[in-house]
Amino acid sequence: MVRTSWTFGPDGKQELPLENETIVDRVRRLYEDAFPTRLDGPRRVGFEDEFAVVDAEGGMADVAVIFEDFPRDVWKPKRDAVLGTLIGVRRPDGLEIGLDVGRGTLEIGWPPVADLHDHVRLRADILAGVDARLASHGFVRLEDYACQPRTLPAPEGWARKARADIFRTLFVPDVHLQTLSASAQIHVELARGEVLPALELFLAVSPVLIALNANSPVWGGALDPEGMLAARQDFWNRFTTNHGFWGNVLCGTEPAQHPPRTFAALAAIACRAKFLVRIDGGRAECPQAPFGAWAARDGREWTDDAFRAAFLDHEGTLWWDARPRAAYGTVEVRPMCQTRDALASRALVLGLAENLDAALAHVRGAGSFAWWRDRQDDAQRAGLSDEGLRSRARRLVQIAKDGLARRGLGEEEFLAPLRGPLETGRSPAHAKKDLFLQYGLGGFLRHLMAP
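What you are looking at is a predicted structure, and each value in this text was computed from that prediction instead of being measured. By convention here, each chain's residues receive numbers from 1 onward along its written sequence. Per-residue local features of the predicted model are confined to residues with pLDDT of at least 70, and side-chain atom pairs are confined, for both listing and counting, to 80 or more; whole-chain, interface and lining totals are unaffected and use all residues. Excluded from the side-chain calculation are hydrogens and water; included are all heavy atoms of the structure.

Draft legend 1. Quick look at the overall build of the protein. Helix and strand counts for the protein stand at 16 helices and 16 strands. For the radius of gyration, the atoms used are the C-alpha atoms, and the globule rule reads 2.2 Å times the number of residues raised to 0.38. Expected size for 451 residues packed as a compact globule is a radius of gyration near 22 Å; at 21 Å, the protein falls within 12% of this value. Structurally, the protein occupies a C-alpha span of about 60 × 50 × 50 Å along its principal axes. A simple rule labels every residue: compare its accessible area, found with a 1.4 Å probe on the protein chains alone, to the largest value its type can have, and call it buried under 20%, exposed over 50%, or partly exposed in between. Burial status across the protein gives 58% buried among its 451 residues. Expressed as a percentage of contacts within the protein between residues at least 6 apart in sequence, the contacts between residues at least 24 apart total 75%. If you sum the accessible surface of the protein, you get close to 17,800 Å²; carbon and sulfur atoms cover 50% of it. Put simply, the protein has 56 plus and 62 minus side-chain charges, and the middle of one group is 1 Å from the middle of the other. Strands here mean DSSP runs of E at least two residues long; helices mean DSSP runs of H or I at least four residues long; both are numbered from the N terminus. Here, two residues are considered to be in contact whenever any of their heavy atoms come within 4.5 Å of each other. Where accessible areas are quoted, they stem from the Shrake-Rupley method and a 1.4 Å probe; at the residue level, only the protein chains shown are allowed to cover. Asp and Glu are treated as the negative residues and Lys and Arg as the positive ones, with His and the ends of the chain left uncounted. The location of each charge is read from NZ of Lys, CZ of Arg, CG of Asp or CD of Glu.

Draft legend 2. Quick peek at the pattern of salt bridges. Salt bridges are defined as contacts in which a side-chain nitrogen from Lys or Arg sits within 4 Å of a carboxyl oxygen from Asp or Glu. This structure, assessed with the given rule, holds 36 salt bridges. Across the pair E200 and R364 runs a salt bridge whose closest N-O atoms are separated by 2.8 Å. Highlighted residues: E200 in helix α4 (residues 192-204) and R364 in helix α11 (residues 356-366), separated in sequence by 164 residues. Note that R278 and D280 form a salt bridge whose closest N and O atoms lie 3.8 Å from each other. Owing to a relative accessible area of 48%, D280 belongs among the partly exposed residues under this scheme. A single network of salt bridges, built from pairs that share partners, joins R43, E194, E354, R407 and E411.

Draft legend 3. Highlighting empty space enclosed by the protein. A pocket here means an open set of points on a 1 Å grid, computed over the protein atoms alone, that has protein on both sides within 12 Å along at least five of seven lines. A cavity is instead a set of points where a 1.4 Å probe fits but cannot get out; residues with an atom within 4 Å of a point line either one. Grid points are joined across faces, edges and corners, and a volume is the space filled by probe spheres set on the points. With the rule as written, the count across this model stands at two cavities of 30 Å³ or more. What lines the largest cavity is simply S183, Q185, R232, Q233, W236, W319, W320, D321, R334 and P335. By residue number, the principal contributor to the lining of the largest cavity is helix α6 (residues 231-239), which donates three residues.

Draft legend 4. Highlighting the pairing of strand β8 (residues 184-189). Most of β8 sits inside the fold, with five of its six residues counted as buried. Here the rule is simple: two strands pair whenever DSSP picks up at least two bridges between them. The pairing of strand β2 (residues 45-54) with β8 spans five bridges and is antiparallel. Opposite V45, over in β8, you have V188 as the bridge partner. Two elements, β8 and strand β16 (residues 330-333), share four bridges in a ladder whose sense is antiparallel. Following the sheet pairing, I186 is matched in β16 by V333.

Draft legend 5. Structural context of the packing of aromatic side chains. Any two rings among Phe, Tyr and Trp, with Trp reduced to its six-membered ring, count as a pair given centres within 6.5 Å; such a pair is stacked if its planes are under 30 degrees apart, edge-to-face if over 60, and tilted if neither. Considering all chains together, one arrives at 22 aromatic pairs under this definition. Consider the rings of W236 and F239, whose centres lie 6.1 Å apart with planes at 40°: the pair is tilted. Of this pair, W236 and F239 both sit in helix α6, separated by three residues, roughly a single helical turn. With relative accessibility at 14%, the residue W236 sits in the buried group. Distance and angle both matter: a charge sits over a ring if NZ of Lys or CZ of Arg is within 6 Å of the ring centre and within 35 degrees of the ring normal. Against the face of F51 rests R141, its NZ or CZ located 4.6 Å from the ring centre. One residue, K274, lies across the ring of F245, its end atom 4.5 Å from the ring centre.

Draft legend 6. A look at the nonpolar core. We define a nonpolar core as any set of buried Ala, Val, Leu, Ile, Met, Phe, Trp, Tyr and Cys residues linked to one another through side-chain atoms lying within 4.5 Å. Core analysis: the biggest nonpolar cluster contains 108 residues, and I97, F202 and F291 have the highest contact counts within it. Contacts of F291, omitting those with residues within four sequence positions, involve I23, V27, A270, C271, A273, F275, F307, A310, F311 and H314.

Draft legend 7. Main features of the state of the cysteines. We call a pair of cysteine sulfur atoms a disulfide whenever their separation is within 2.5 Å. Across all of its chains, the model carries zero disulfides by this definition. We note that C271 lacks a disulfide partner, and the nearest cysteine sulfur, in C251, lies 12 Å from it. Overall, the relative accessible area of 0% leaves C271 in the buried class. Here C337 stays unpaired: no disulfide links it, and the sulfur of C147, its closest cysteine neighbor, is 7.6 Å away. Judged by relative accessible area, which is 2%, C337 ranks as buried.

Draft legend 8. Region of the structure containing the pairing of strand β4 (residues 86-90). Judged by how many residues are buried, β4 sits mostly within the fold: four of five residues are covered. Here strand β3 (residues 76-79) pairs with β4 via four bridges, running antiparallel. What sits directly across from K78, in β4, is G88. Where β4 meets strand β5 (residues 96-99), three bridges bridge the pair, whose relative direction is antiparallel. Paired with G88 across the bridge in β5 is G98. Linking β4 back to β5 in an antiparallel pair, the connection comprises five residues, with G94 at a positive phi of about 100°.

Draft legend 9. Structural detail: helix α1 (residues 21-34). Helix span, expected: 1.5 Å multiplied by one less than the number of residues in the helix. Across its 14 residues, α1 extends 20 Å between first and last C-alpha, which sits within 8% of the 20 Å expected from 1.5 Å per residue. Three or more residues of α1 are buried, namely I23, V24, R26, V27, L30 and Y31. Taken around the axis of α1, the buried residues stretch over an arc of 160°, which confines them to a single face. Set apart from the buried face of α1 by more than 90 degrees, the exposed residues are E21, T22 and D33. At its buried positions, α1 is contacted by α7 (263-272), α8 (291-296), α9 (304-315) and β15 (322-325). In this description, one arc is meant: the one made by directions from the helix axis to the C-beta atoms.

Draft legend 10. Looking closely at the environment of D357. Inspection of the secondary structure puts D357 in helix α11. The exposure class assigned to D357 is exposed, which follows from its relative accessible area of 69%. The sequence separation of D357 and L396 amounts to 39 residues, and the corresponding C-alpha distance is 12 Å.

Draft legend 11. A look at the side chain of S345. Relative to the assigned elements, S345 resides in helix α10 (residues 342-354). Among all residues touching S345, those that are not within four sequence positions of it are L212, N213 and L418.

Structure below.
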């Protein structure tokens, strides 16, 4: 089912060039064509939620069993393109409920909305139905935590997907940490001229988003051995940056200290990153070469549709904190842990996009791009404890509030949960760590699993 083709010689050197000018230009056009010159109507956003699901003892559940419980007159099955396994269900309106990397990680992809209030109404109804189906199997969705608290990472924790077979073989064993992770992501609709400024902005403010949402200090039944409060965000580094895959997690020149300022520069960065998963004709392949080199190999010729399909496979493994998605015409912002108040930070992202010029001016005036990126480790380790980062975050929230006010929809109310953490310097993970230290794993699990 899975075919792996290696492109490195016995000395470890790449046998193919890093990029091909023609391929880079095709990727540039893909990016540019994915975004309209202007938005037609209010800016829309879409959300992807991941939730850790546990059994009665707090161990990793097997979420896939609930997909048979959804009525087929409304919900259609979603199957892995290679293995044919049932990995989720979808509705005609675009709502998808499925599995992420881990077999115990429920993923929900929500339809895009032009008003955050519409999402809140849909969210309450859908989550109530999901929780009822989980409860019928003795499972609990952890609404206010961002990783599996008790189960240790292991090969058997992966969802039954072809991508999983590739990743387990390709990466060092720390990749199994991904089966524990649960994040809260947002897609922001942008006009073409907004994409690169927004990408710079959201890559820079990643430490703020990490710190505001840090919520994963305990996994495998113990505190994170690196002392991280946002351990799930650091999981990415543990199997990539020091193992030859930095370009798949960092966007920019090594070590990602400069953001791309043109679509050509963005395309070149994407083409240099390693192409990890190709799904074609019911088969999974791991090229493990830079995408540009792979696409240009042997002078191959591409139809537009085939090239687009290959690149969309590639962009799905560009795990940058913020990444343009040619598939959707959005910039996806990714570094947030799942929390009970995840919508607050998503409102922050939307408000910053609406007030993009002011937000980017603040970011550039408050520190270089390198300065912001260098705060990431501190944000993962200490959350909002640093007053310098916290003061910058307070200003960003005000800028976002002004941006939301321009929309005239009353969405500013969703920023309210950010006020407390910004005043106290306590991220959600601080309370979780206190609970674990005071009551041990048993008390910690009881708190997470309480209705």
